[in-house]
Amino acid sequence: MESLADHGAARVIRKRYLVLSVTANLLLLGFFKYFNFFTASATSLAHRLGWEVSVGTLEIILPVAISFYTFQAMSYTIDVYRGKLHSTRSFWDFFLAVLYFPHLVAGPIQRASSLLPQVTQPRTIRADQVWEGLHLIAWGYFKKVFIADNLSPIVNAAFASPEPSTAMTVLGVYAFTFQIYGDFSGYTDIARGIAKIMGFEFVLNFNLPYFATHPADFWRRWHISLSSWLRDYLYKPLGGSRGGAWLTYRNLMITMLLGGLWHGAAWNFVLWGFYHGAIQALHRMLEPGLRRLGLGFAALPSLWLGLRISAMFLLTCYGWLLFRATSLDQIGQMTLTLLHPSGGLDGAGMAKVSWIIAPLVLVQLVQWRSGDLFFMRQAWLPKPLRVVVYALMLYLTVFLGGQPQSFVYFQF
């Protein structure tokens with residue numbers, strides 16, 4: 001009985017440390033990232049209600065990458081509490097795992113249970129790791145410099161227009177869809193490549209997200225380290241899908257709303273999170289009917305697959321409009337131009353964007369069909385062809401890349 005009492009007391013102490021750690025991390029994140037946002041929102045609401053309220057804001061400098069290393073630090077505490085990870089006696093090992101430079105600024109979010117054992121154990125650097133790392137770095141820079149930076153001026157012009165036309169809205173959203181993918185996945189490929197060269201393995205963060213067939217599938221492919229973090233540390237503790245349909249929808253909405261707010265202190269991010277939660281819940285409701293509809297395409301499975309991918313791509317594109325917009329008024333204005341289109345599309349602009357993204361789409365089609373993200377390093381691809389591909393990639397990156405732009409996810 002004494003041992004049971006000791007065990008119970010130890011568990012209480014561990015829980016207190018867990019609550020203290022999580023609370024401290026969230027308070028720091030909330031103060032630095034959201035204090036002015038909630039203060040300004042509360043003041044605006046009070047003015048709309050006719051109350052004279054004056055609440056000052058602070059000139060807060062947002063620490064670089066606070067959203068990323070806060071989640072990484074919390075994963076350590078939670079995993080130790082759950083018994084999935086042994087605590088480390090070395091502060092420096094913990095410090096390195098949380099602040100390891102390749103993933104520090106924009107991810108991928110590395111859980112302590114994945115990275116800490118790699119820090120504490122001796123590492124061996126193999127030749128294949130180095131080559132894979134160099135491939136990831138080259139591919140990442142290509143996506144960032146040639147794809148994202150060339151698309152950036154098109155996106156900026158569309159979202160800076162005071163009265164965007166339907167053509168400009170479609171072009172801007174279409175370009176941003178590939179800009180943010182090239183920018184963010186490019187960064188994480190560079191980070192993974194640097195880590196590989198140094199003997200570390202980072203989690204895969206993107207797995208052909210624009211080939212997703214439904215909303216949940218998209219989040220298994222896009223920013224995987226964040227979506228899996230939210231699933232394991234928020235969605236499942238809320239009850240996940242264990243409590244019936246409506247509780248599942250509630251848990252989805254809470255998770256996606258907080259996931260949207262994690263991206264930034266602005267209402268468009270909250271709306272973006274709400275949108276993704278809503279289309280996930282809607283897909284769950286409609287899934288039985290969609291399965292029956294799919295049976296009608298039994299003789300044409302490729303057509304049904306193409307329709308699902310296309311539908312999800314269009315839903316994702318509208319989500320990026322919510323994400324990139326600078327205000328709720330702009331969201332409303334651009335949405336109205338899509339609901340009530342006028343004029344034709346910008347053929348020249350669409351052709352330019354399509355030309356920029358063509359190499360990316362071609363490579364990803366091969367990756368999707370082969371099921372191999374590293375197909376360019378496989379023996380079945382002749383060496384001369386590999387040399388040509390890498391030479392072309394280098395040429396496009398160095399000589400035809402866009403004006404240097406900051407990484408989009410540096411702001412989070």
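Refer to the structure above for everything that follows.
Description of the structure in this document. Here the structure is a predicted model, which means the values were calculated and not measured. (Residues numbered from 1 in each chain as written. Predicted model: local features only at pLDDT ≥ 70, side-chain atom pairs only at ≥ 80, totals over all residues. Heavy atoms only, no water.)

1. Considering the overall build of the protein
Looking only at helices and strands, the protein features 15 helices and zero strands. Radius of gyration (C-alpha) of the protein: 23 Å, near the 22 Å computed for a compact globule of 412 residues. Judged by the C-alpha coordinates and their principal axes, the protein covers about 75 × 65 × 50 Å. The buried share among the 412 residues of the protein stands at 47%. Within the protein, residue pairs in contact and separated by at least 24 positions form 75% of the contacts whose partners lie at least 6 positions apart. Accessible area of the protein: about 21,400 Å², with a carbon and sulfur share of 67%. (Helix = DSSP H or I, 4+ residues; strand = E, 2+ residues; numbered from the N terminus. Rg over C-alpha atoms; globule rule 2.2 N^0.38 Å. Buried < 20%, exposed > 50% of the residue type's maximum accessible area, 1.4 Å probe, protein only. Contact = heavy atoms within 4.5 Å. Areas by Shrake-Rupley, 256 points an atom, 1.4 Å probe, with all protein chains shown as cover.)

2. Topic: the nonpolar core
Grouped burial of nonpolar side chains is what soluble globular proteins tend to show. L151, W222, W320 and Y409 are the most contacted members of the largest nonpolar core, which totals 80 residues. The leading source of residues in this core is helix α7 (residues 166–197), at 12 residues. Not counting chain neighbours up to four residues away, the residues in contact with W222 comprise I180, Y181, F184, N205, F206, P209, Y210, S227, W320 and Y409. Judged by nonpolar contacts, the second largest core, of six residues, contains L29, F37, I66 and L261. (Core = buried A, V, L, I, M, F, W, Y, C linked by side-chain atoms within 4.5 Å.)

3. Considering helix α5 (residues 112–120)
An α-helix turns once every 3.6 residues. As a result, residues three or four positions apart point the same way. Along α5, the residues classified as buried are A112, L115, L116, Q118 and V119. Viewed end-on, α5 has its buried residues packed into an arc of 160 degrees, placing them on one side of the element. As for α5, its buried residues are in contact with α2 (66–82), α3 (91–99) and α4 (101–104). (Arc of directions from axis to C-beta.)

4. Re the packing of aromatic side chains
Scanning the model with the defined rule gives 43 aromatic pairs in all. Between the NZ or CZ atom of K33 and the centre of the ring of W262, over which it lies, the distance is 5.5 Å. (Phe/Tyr/Trp six-rings, centres within 6.5 Å; stacked < 30°, edge-to-face > 60°. Lys NZ or Arg CZ within 6 Å of the ring centre and 35° of its normal.)

5. Some words on helix α9 (residues 224–238)
Taking 1.5 Å per residue, 15 residues should reach 21 Å; α9 reaches 20 Å between its end C-alpha atoms and fits that length. A bend of about 40 degrees at R231 is the largest found in α9. Along α9, 11 of the 15 residues are buried, which leaves the element largely enclosed by surrounding structure. Contacts made by the buried residues of α9 are with α2, α8 (215–219), α10 (245–263) and α11 (267–295). Positive backbone phi, approximately 125 degrees, marks G239, located one or two places after α9. (Expected span 1.5 Å × (residues − 1). Bend = angle between axes of the 7 residues up to and from the residue.)

6. Details of the pattern of salt bridges
By the definition in use, this model includes 12 salt bridges. Between R126 and D128 there is a salt bridge, with its nearest N and O atoms 3.0 Å apart. A relative accessible area of 42% means that R126 is categorised as partly exposed. We note a salt bridge from R291 to E287, for which the minimum N-O separation is 3.3 Å. With R291 and E287 both in helix α11 and four residues apart, this pair spans about one turn of that helix. Taking the relative accessible area as the measure of exposure, R291 reaches 59% and is therefore exposed. Beyond isolated ion pairs, a larger network of salt bridges with shared partners links R111, R231, D232 and K236. (Salt bridge = Lys/Arg side-chain N within 4 Å of Asp/Glu carboxyl O.)

7. Quick notes on unusual backbone geometry
Leave glycine aside and you will find that most residues have negative phi; peptide bonds, for their part, are mostly trans. Here the phi dihedral of L208 falls at roughly 50 degrees; this positive angle occurs in a residue that is not glycine. Within the secondary structure layout, L208 lies in the loop between α7 and α8. The phi angle at H223 is positive, at roughly 45 degrees, despite the residue not being glycine. Inspection of the secondary structure assignment puts H223 in the loop between α8 and α9. By relative accessible area, which is 0% here, H223 ends up buried.

Geometry only, nothing functional implied.
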